[in-house]
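Observations on the three-dimensional arrangement
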Amino acid sequence: MSRIYGVHATRDALFQNRVTKVYLSHSFKNQELLNLFNEKGVEVERVDKTVLDKLSHSAIHQGVVCEVKPYKVYALNEVLNSIKGKTNSIVCILDELNDPHNLGAILRSADIFGVDAVIYKKHNSVSLNDTVAKVSCGGINYVKCIEVTNLSRCIQELKKNSFWVVGLAGEAKEDIKAIFKDRPLAIVIGSEGYGISRLVRENCDLLVKIPQSGHVPCLNASNAAAITFYEIRR
């Protein structure tokens, strides 16, 4: 059973009709959510804070934890068919990202900037879970998530469908302003420790960097994604 916690994530899951049961602290008084629980006919149980802490793995839950239906994972072809003919499509490819906080933040930014899908590997990569849902602030309910077994094959399929594949790499010669915005784009974000893997890098049409003037070596993966999404939509 999947769980989410926090006011924003709960509200969005309710509107998506994904909540099956709710655990509330005895002091929870958010009337909007209380009304929604009643309207949706969701089972509500009042519990001690210690129970909520255990259910949320001691994360900040704001007095509410929900059991929800499993998150839908899409097939690549399913998403490609839904955006066929759309010239300003963006998909984000995550190359062995491991931090659920990064995935959650990327889903949040993806929703804000109109990214059509986020693609990640089925193995050796973070997938959808409670922490991702919490950090995404509801973005997990709106951005289509695709699990694939082989990123290189996925990239080749995207190219067959007119996508231009752009990888973020600190050593790249071009900066993100070099990204053409008049075609479908696939933005590749590498892992937290190693960046983009060799095979995936070789399949990119272009490598770009975000200009930096400070002293730290690189941006957090989710921050880099948000900046790139904004630049494309700007």
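First things first, this report covers the structure right here in the doc. (Residues numbered from 1 in each chain as written. Predicted model: local features only at pLDDT ≥ 70, side-chain atom pairs only at ≥ 80, totals over all residues. Heavy atoms only, no water.)

**Re the environment of I187**
- You can see I187 is positioned in strand 10 (residues 185–189).
- Residue class for I187 comes out buried when judged on its relative accessible area of 0%.
- With 89 residues separating them in the primary sequence, I187 and N98 have C-alpha atoms 17 Å apart.
- I187 has contacts with I90, V91, C92, I93, V166, L168, I179, T228 and I232, leaving out every residue within four places of it along the chain. (Helix = DSSP H or I, 4+ residues; strand = E, 2+ residues; numbered from the N terminus. Buried < 20%, exposed > 50% of the residue type's maximum accessible area, 1.4 Å probe, protein only. Contact = heavy atoms within 4.5 Å.)

**Some words on the pairing of strand 4 (residues 64–68)**
- For strand 4, a buried count of five out of five residues is recorded, marking the element as mostly surrounded by other parts of the structure.
- Side chains V64, C66 and V68 project from strand 4 onto one buried face, and the interleaved V65 and E67 project onto a second face that is buried too.
- Where strand 1 (residues 2–5) and strand 4 come together, four bridges link them in antiparallel fashion. What sits directly across from Y5, in strand 4, is V65. (Pairing = 2+ DSSP bridges.)

**Remarks on the layout of surface pockets**
- Approximately 490 Å³ is the volume attributed to the largest pocket.
- Within the residue set of the lining of the largest pocket, elements represented by two or more residues are strand 11 (206–209) and helix 9 (221–233).
- When the residues that make up the lining of the largest pocket are grouped by side-chain class, the tally is twelve nonpolar, seven polar and four charged.
- The space that makes up the second largest pocket amounts to roughly 170 Å³.
- Every residue lining the second largest pocket is listed: Q16, R18, Y71, K72, Y74, L128, I140, N141, Y142, V143, K144 and C145.
- Residue classes in the lining of the second largest pocket are distributed as seven nonpolar, two polar and three charged. (1 Å grid on protein atoms, 1.4 Å probe; cavity = no way out; pocket = protein on both sides within 12 Å on 5 of 7 lines; lining within 4 Å. Points joined across faces, edges and corners; volume = space filled by probe spheres on them. Nonpolar A, V, L, I, M, F, W, Y, C, P; charged D, E, K, R; others polar.)

**Observations concerning unusual backbone geometry**
- Residues other than glycine seldom take positive phi values, yet N17 does so here, at roughly 55°.
- The residue N17 is located in the loop between helix 1 (7–15) and strand 2 (19–25) in this model.
- Although it is not a glycine, Q62 sits at a positive phi angle of roughly 60°.
- The exposure class assigned to Q62 is partly exposed, which follows from its relative accessible area of 42%.

**Some points on the nonpolar core**
- In this structure, L94, L107, V118, L128, I179 and I187 are the most contacted members of the largest nonpolar core, which totals 51 residues.
- It is helix 9 that contributes the most residues to this core, five residues altogether.
- Not counting residues within four places of it along the chain, the set of residues in contact with V118 comprises C92, L94, L103, I106, L107, A110, V143, K144, C145 and I146.
- Within the second largest apolar cluster, 21 residues are counted, among which are L76, I93, I146 and C204. (Core = buried A, V, L, I, M, F, W, Y, C linked by side-chain atoms within 4.5 Å.)

**Considering the pattern of salt bridges**
- Counted according to the given criterion, the structure contains 13 salt bridges.
- Ionic pairing is found between K86 and D116, a salt bridge with its closest N-O pair at 2.7 Å. Remark: D116 occurs in the loop between helix 5 (100–112) and strand 6 (117–121) and K86 occurs in the loop between helix 4 (76–82) and strand 5 (90–94); sequence separation between them is 30 residues.
- Taking the shortest distance from any N to any O, the salt bridge between K159 and D205 comes out at 3.4 Å. Placement of K159 in helix 7 (residues 151–160) and of D205 in the loop between helix 8 (198–202) and strand 11 is noted, with a sequence separation of 46 residues between them.
- The exposure class of K159 is partly exposed, given its relative accessible area of 27%.
- Under the relative-accessibility criterion, D205 is labelled partly exposed at 36%. (Salt bridge = Lys/Arg side-chain N within 4 Å of Asp/Glu carboxyl O.)

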